[in-house]
Amino acid sequence: MAATSAARAVGRRSRQLFDIFVAEVPWTVSSKELKEYFSQFGSVQRCQLPFDRDTGFHRRYCWIKFSTPEDVQNVLQKDSHILEGSKLALKQQTRRRRSQRRNPRE
């Protein structure tokens, strides 16, 4: 049990390093297609599209990591992003340094 919770904690920490969270991803879109789509706005370092182990389908959301903050701004400047007829919902991930994080014990 401890190993599983530790692995989840590492996964949560790694997601904080991504620039953009993308929701409403169509079932038919792959991580390769997402990376290709978003690379028109800048250099995509990583695209993480999690899959459900039980169904084998992805969970219809992903995280995108860009090389520069300018690339992120290029993506966010576009009003809507549509893939295979579905409008994607984008949210910029906020990053905080450890010193800026709230103390959970407060």
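Calculation rules
Residues numbered from 1 in each chain as written. Predicted model: local features only at pLDDT ≥ 70, side-chain atom pairs only at ≥ 80, totals over all residues. Heavy atoms only, no water. Salt bridge = Lys/Arg side-chain N within 4 Å of Asp/Glu carboxyl O. Helix = DSSP H or I, 4+ residues; strand = E, 2+ residues; numbered from the N terminus. Buried < 20%, exposed > 50% of the residue type's maximum accessible area, 1.4 Å probe, protein only. Phe/Tyr/Trp six-rings, centres within 6.5 Å; stacked < 30°, edge-to-face > 60°. Arc of directions from axis to C-beta. Contact = heavy atoms within 4.5 Å.

Student: So what's going on with the pattern of salt bridges? Which residues, and what values?
Tutor: Oppositely charged side chains can form a pair if their charged atoms are brought close together. Tallied over the full model, the rule gives two salt bridges. Linking Asp19 and Lys65 is a salt bridge whose minimum nitrogen-to-oxygen distance equals 4.0 Å. Taken together, the residues Asp19 in the loop between α1 (2-15) and β1 (20-23) and Lys65 in strand β3 (residues 61-66) connect sequence positions 46 residues apart. Exposure class is identical for Asp19 and Lys65. Each is buried. Put simply, Arg60 and Glu24 hold a salt bridge, and the shortest N to O gap is 3.9 Å. In this pair, Arg60 is assigned in the loop between β2 (44-48) and β3 and Glu24 in the loop between β1 and α2 (31-38), connecting sequence segments 36 residues apart.

Student: I'd love a proper account of the packing of aromatic side chains, names of residues and values included.
Tutor: Evaluation of the coordinates by the stated rule reveals nine aromatic pairs. With a centroid separation of 6.5 Å and 45° between ring planes, the pair formed by Phe38 and Phe41 is classed as tilted. Assessed through its relative accessible area of 1%, Phe38 is described here as buried. Ring plane angle 85° and centroid distance 5.4 Å describe the contact between Tyr61 and Trp63, whose orientation is recorded as edge-to-face. Judged by its relative accessible area of 7%, Trp63 is buried.

Student: Which residues make up α2, and what values do they have?
Tutor: In an α-helix, one turn spans 3.6 residues; hence positions three or four apart end up facing the same way. Restricting attention to buried positions, one finds in α2 the residues Leu34, Tyr37 and Phe38. One side of α2 holds all its buried residues, which, seen down the axis, span an arc of 90°. Contacts from the buried residues of α2 go to β1, β2, β3, α3 (69-77), β4 (81-83) and β5 (86-92).

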